[in-house]
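Structural features, examined
Here are the chains, one letter per residue:
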Amino acid sequence: MAGLIRREDIDEVRSRTDIKEIVDGYVTLKSAGIGSWKGLCPFHDERTPSFHVRPQMGTYHCFGCDESGDAIAFLMNIDHTTFSETVEKLAARVGYELHYEQGSGPKKEEVGRRQRLLDAHKVAAEFFQRHLYTRQAGPAQQFLGERGFDGEAAKRYGVGYAPRGWDHLLKHLRDRGFTDQELKLTGMFSEGNRGLYDRFRGRLVWPIRAVAGEVIGFGARKLFDDDPGPKYLNTPETALYKKSQVLYGIDLAKREIAKQRRLVVVEGYTDVMACHLAGVTTAVATCGTAFGPEHIKIVRRFLSDDGGGGEVVFTFDGDAAGQKAALRAFEEDQKFVAQTYVAVEPHGMDPCDLRLARGDAAVAQLVENRRPLFEFALRATLKNYDLDTIEGRIRAMRACAPIVARIRDRSLRPAYARQLAGWLGLDPAEVQRAVDAAGRAPREERPDPQRPEPESARPPTAELPDPREPVARMEREALEVVIQCPDLLGEEHWRQFGTYTFRYPVHAEVRDAVFTARTDTGPGSGPAVGQPWVDAIRRGLPEPLHGYLAELAVAPLPAANQKQLEGYVTGILIHLFELQIDRRRSDRMAEMQRMDINADPERYRQLHRELLELDAQRRSLRQD
């Protein structure tokens with residue numbers, strides 16, 4: 001375990017540190033007389049400078065908010081770092097070797113190696129930023145411009161461009177004295193038969209910074225069609241960069257998060273930029289991973305998440321993947337004292353697109369229109385059930401009851417139990433009993449809201465529909481061809497398959513996992529095939545469905561050669577799409593039969609038009 005830093009070493013680091021030099025990195029200071037400097041306080045809002053620094057005394061004091069201390073206290077307050085982290089950072093800054101009691105701290109060579117990695121990242125970030133303004137960076141400049149970001153915004157966020165070629169950055173860092181052994185540890189390079197080469201090539205690049213502002217990694221966006229890599233490529237795990245512990249934008253947002261006691265979690269680099277420029281200055285994004293426990297540890301320091309009152313607002317797309325992300329976030333909800341919310345734009349736009357379409361005010365309004373995360377989890381869970389049947393409503397109640405039982409504000413639980421009863425058309429007393437029972441159940445026995453149906457009501461073996469049922473057989477056969485032959489599907493097949501409404505929740509869950517895998521493997525270049533494709537799908541499914549996925553992946557397809565296989569795949573998908581059209585047609589016919597034509601003639605004409613459109617869609621399937 002790490003030991004305590006010796007008191008003499010702390011005093012030595014403090015005496016060697018120039019507090020003015022430290023504060024200058026955060027506050028614009030002007031002379032206030034001999035040996036004194038002043039500026040606007042970074043810890044509270046003010047128009048007249050009341051923040052004073054006395055370098056000879058090694059202290060600062062604000063006469064407006066009474067904040068005061070030395071260089072260590074200043075960095076702890078402004079960067080929200082621990083005492084040991086702060087002392088170690090200052091010791092590295094002045095080149096002083098620390099000694100530890102009751103344990104050991106980082107070895108001198110480890111500290112030196114870490115600093116060399118940080119130096120390499122700093123040089124690389126400057127290299128990328130300079131290249132953004134070259135003629136070759138035209139596509140990068142166009143990308144930023146089309147998303148509403150000017151040169152000032154690019155500079156503020158350190159956005160750069162990695163030139164096309166194999167060794168531009170490599171040569172630059174070698175010329176700056178970095179060895180190949182050091183460069184291997186940065187994650188900025190790959191290694192082939194001929195040695196190291198640039199990992200980021202022909203891409204728009206964002207520097208990813210730690211809480212204190214040091215560059216520790218990069219995220220890079222594809223710009224050219226002939227780039228075979230994924231849409232976004234991040235630094236791999238290194239000694240500096242641990243994606244589960246990194247939040248993009250935290251260095252810029254930390255002060256406002258602490259001030260407003262609000263954190264807004266978005267999904268991408270451009271979303272963070274758009275939010276900040278629109279006035280939502282507490283936005284951050286995860287880097288290629290879900291918001292998890294390690295991220296929570298980081299933000300709790302800024303939210304002062306110990307007495308309640310803080311807010312965490314998640315923004316997700318309104319599609320199935322966004323709903324799953326929200327439900328995953330809900331699973332972490334109990335680790336916060338802060339209230340958790342979700343903000344979803346009705347038309348599915350992310351903050352960057354929303355800013356482009358409707359301006360800065362719309363982005364701010366999106367966050368203000370947030371809803372409690374548990375309410376969103378309830379609505380998302382209900383979508384997994386057939387609420388037209390009593391069986392479906394009962395299963396939905398059993399799945400939603402634990403969500404209501406987990407609402408931290410106990411006074412809200414009865415109201416949401418009544419609301420749930422209204423949504424389901426069930427007796428409020430019955431729903432309240434289910435909520436009470438869920439609250440008493442041990443955590444491991446509670447249903448998982450991410451499952452389409454609760455384990456207690458429907459064990460894994462009962463999840464699977466009867467294959468003799470025609471619709472079940474058709475849906476299963478369609479999943480078989482999509483899993484076994486994804487390369488034979490055209491974009492139109494994928495589009496229609498994505499909009500198909502599966503009758504059986506287990507089939508819908510497999511379809512969602514297929515689309516998640518397709519997104520992860522890069523939809524622009526098509527899905528992977530074979531074992532990697534199946535493995536990617538498996539990662540999106542709960543363990544009880546892994547066996548069913550294996551069945552779908554090995555089921556024999558009735559085709560003797562490639563031509564027959566292509567015909568079979570197309571035929572199965574056409575039958576599936578026809579099934580949905582027929583289902584929609586029957587729904588509209590039934591509504592027309594129930595309604596009074598004279599009471600609502602416009603609705604009747606609308607239904608008639610929709611029937612004609614459905615008939616046309618059915619004919620076009622066969623013509624294609």
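Before any of the text, the structure's been laid out above.
Residues numbered from 1 in each chain as written. Predicted model: local features only at pLDDT ≥ 70, side-chain atom pairs only at ≥ 80, totals over all residues. Heavy atoms only, no water.

Side chains three or four residues apart in an α-helix point the same way, a direct result of the helix having 3.6 residues per turn. Where helix α8 (residues 168-175) is concerned, the buried positions are Leu169, Leu170, His172 and Leu173. With its buried residues spanning 165 degrees around the axis, α8 presents them on a single face. Downstream of α8 by one or two residues, glycine 177 has phi in the positive range, about 95 degrees. (Buried < 20%, exposed > 50% of the residue type's maximum accessible area, 1.4 Å probe, protein only. Helix = DSSP H or I, 4+ residues; strand = E, 2+ residues; numbered from the N terminus. Arc of directions from axis to C-beta.)

Right, let's talk about the sheet that holds strand β15 (residues 262-266) for a bit. Pairing is mixed in the open sheet, where 6 strands are placed in the order β14-β16-β15-β17-β18-β19. Each edge of the open sheet is held by one strand with a lone partner, namely β14 (247-248) and β19 (371-372). Bridge analysis of strand β18 (residues 339-343) against β19 gives 2 bridges, and the strand direction is antiparallel. Bridging from a neighbouring strand, tyrosine 341 pairs with proline 372 of β19. Strand contacts of helix α15 (residues 360-368): β15, β17 (311-315) and β18, with the helix running at about 110 degrees to β15, the strand carrying the most contacts. (Pairing = 2+ DSSP bridges. Contact = heavy atoms within 4.5 Å. Axes fitted to C-alpha atoms, helices over the stretch in contact; angles between N-to-C directions.)

A word on the pairing of strand β11 (residues 203-209). The element β11 is extensively covered by neighbouring structure, given that 7 of its 7 residues are classed as buried. Here β11 shows a buried face lined by Arg203, Val205, Pro207 and Arg209 and a second buried face lined by Leu204, Trp206 and Ile208. In this structure, β11 lies alongside strand β12 (residues 215-222), joined through 7 bridges in antiparallel fashion. Within the sheet, the bridge partner assigned to isoleucine 208 lies in β12 and is glycine 217.

Right, let's talk about the pairing of strand β5 (residues 59-62) for a bit. Because side chains alternate across β5, one face comprises the buried residues Tyr60 and Cys62, and the other comprises Thr59 and His61, none of which is buried. Sheet topology note: the strand β4 (residues 51-54)/β5 ladder contains 4 bridges and is antiparallel. Paired with valine 53 across the bridge in β5 is tyrosine 60. Pairing analysis gives 2 bridges linking β5 to strand β6 (residues 68-69), with the strands arranged antiparallel. Bridging from a neighbouring strand, tyrosine 60 pairs with glycine 69 of β6. Linking two consecutive strands that pair antiparallel, namely β5 and β6, is a turn of 5 residues; a positive phi of about 70 degrees is found at aspartate 66 within it.

Glancing now at the sheet that holds strand β8 (residues 160-162). In spatial order, the strands read β8-β11-β12-β13; together these 4 strands make up an open sheet with antiparallel pairing. Across the chains shown, the open sheet's two edge strands, defined by having one partner strand only, are β8 and β13 (232-234). Along the sheet, successive strands turn relative to each other by an average axial angle of 35 degrees, direction set aside. Pairing analysis gives 3 bridges linking β12 to β13, with the strands arranged antiparallel.

By size, the foremost hydrophobic cluster in this structure holds 49 residues, and its most contacted members are Ile257, Leu263, Phe291, Phe314 and Val431. In terms of nonpolar packing, the next biggest core, distinct from the first, is built from 45 residues, Leu117, Leu223, Phe224 and Cys275 among them. (Core = buried A, V, L, I, M, F, W, Y, C linked by side-chain atoms within 4.5 Å.)

On to unusual backbone geometry. If you check the backbone angles, aspartate 66 has positive phi at about 70 degrees while not being a glycine. By the secondary structure assignment, aspartate 66 is in the loop between β5 and β6. Taking the relative accessible area as the measure of exposure, aspartate 66 reaches 57% and is therefore exposed. Of note, the phi angle at arginine 261 is positive, near 55 degrees, even though the residue is not glycine. Residue position: arginine 261 is located in the loop between α10 (250-260) and β15. Judged by relative accessible area, which is 27%, arginine 261 ranks as partly exposed.

This part is about the environment of phenylalanine 143. Structurally, phenylalanine 143 is set in helix α6 (residues 138-146). Among the residues examined, phenylalanine 143 registers a relative accessible area of 6% and is labelled buried. Taking the C-alpha atoms as reference points, phenylalanine 143 and leucine 223, separated by 80 residues in sequence, lie 8.0 Å from one another. Excluding anything up to four places from it in sequence, phenylalanine 143 contacts Leu204, Trp206, Arg221, Leu223 and Thr270.

The next subject is α15. All of the buried residues in α15 are Ala362, Val363, Leu366 and Val367. One side of α15 holds all its buried residues, which, seen down the axis, span an arc of 140 degrees. Those residues of α15 that are buried lie in contact with β15, α11 (269-277), β17, β18 and α14 (351-358).

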